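Residues per chain, in single letters:
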Amino acid sequence: MRIEKTTLEFLAKLARNNNRTWFQKNRALYEAARDNILEVTRFLIGEIAKFDGSIIGVEEKDCLFRIFRDARFSKDKSPYKTNFGAFIKSGGRSTAGAGYYFHVEPGNSMTAGGIYMPPAPELLAIRRAIAKAPAPFEKILLDKKFSRRFGGLSDERLKTAPKGFPKDHPAIEHLKWKHYIVFRSYPDRDVLSPRYLDRCLEDFVLMAPLNEYLNRAVGR
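Computed from a predicted structure; not experimentally measured.

Caption draft 1: Looking closely at helix α9 (residues 196-217). Between its first and last C-alpha, α9 extends 31 Å over 22 residues, near the 32 Å set by a 1.5 Å rise per residue. Along its length, α9 reaches its greatest deviation from straightness, about 40°, at Met 207, and the proline Pro 209 lies no more than four positions downstream. Following α9 by one or two positions, Gly 219 adopts a phi angle in the positive range, close to 85°.

Quick look at the structure:
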């Protein structure tokens, strides 16, 4: 089980020919690449279920994002994404809560975990859980293997305290995050390695306590 070289090659070609005419002429290449990613997703679901029972029964097709872009409100009218991404979680990609994400794109592949762009009620619930008892959350972030692997949370933060929380709260730096995610990037040579999926699973094992914490905070 592995990411096939032809899958990355298809995505690279699509990036150079992001139009419907080329896509339709090369639809067989797309379907082969998609089948490869679905097969990998199915394998990862089975392995993750061994340490996170919340995803037992989830189907790979419910985790994989569509390759078709919604360009209605974007200046970029390219019709297709130039990556494959799957969000493995209870209920699949469209449900609320934290999960395990893997992203395959030439020059920009990664694994990630947590909650990205949580709706306002979920974000508030997470912040309230941290503010009430920071120690369990900080224990996850300070785990040596976790911090060495991911370096901590990533992405956007507020410049000041979020509304409803005092500026001098002991955990104020944890409350400023707009997203609660971690990620790890991989070069193409690693993605094509026979050990790549093992490395993804190592990442997901370390993400599991964060996902469990966030899902409990938002009531899932």
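Caption draft 2: Summary view of unusual backbone geometry. At Met 117, a residue that is not glycine, the phi angle is positive and equals roughly 50°. Residue classification places Met 117 among the exposed positions, given a relative accessible area of 56%.

Caption draft 3: Geometry of the packing of aromatic side chains. Inspection of every chain in the model, using the stated rule, returns 15 aromatic pairs. Look at Phe 146 and Phe 150: their rings are 5.2 Å apart centre to centre, the planes differ by 70°, and that puts the pair in the edge-to-face class. Taken together, the residues span about one helical turn, with Phe 146 and Phe 150 both in helix α6 (residues 144-150) at a distance of four residues. Across the pair, Phe 150 and Phe 146 agree in class, each one buried. Taken together through their ring pairs, the aromatic side chains of Phe 10, Trp 22, Phe 23, Tyr 30, Phe 68, Tyr 80 and Phe 84 make up a single cluster.

What counts and how
- Residues take numbers from 1 onward in each chain, read along the sequence in its written order.
- Under the rules for a predicted model, residues below a pLDDT of 70 receive no local features and side-chain atom pairs below 80 are neither given nor counted, while totals for whole chains, interfaces and linings still include all residues.
- Think of the side-chain values as coming from all heavy atoms in the structure, minus any hydrogens and water.
- Secondary structure counts use DSSP, requiring at least four H or I residues in a row for a helix and at least two E residues in a row for a strand, with both numbered from the N terminus.
- To estimate the expected span of a helix, count its residues, drop one, and scale the result by 1.5 Å.
- Axes are fitted to the seven residues ending at a residue and to the seven starting at it; the angle between these axes is taken as the bend at that residue.
- In this scheme, a residue with accessible area under 20% of its type's maximum is buried, one over 50% is exposed, and one in between is partly exposed, where area comes from a 1.4 Å probe on protein chains only.
- Here a Phe, Tyr or Trp ring, Trp counted by its six-membered ring, pairs with any other such ring whose centre lies within 6.5 Å, and the pair is stacked when the planes are under 30 degrees apart, edge-to-face when over 60, and tilted otherwise.

So far we have only geometry, and geometry alone does not tell us how the molecule works.
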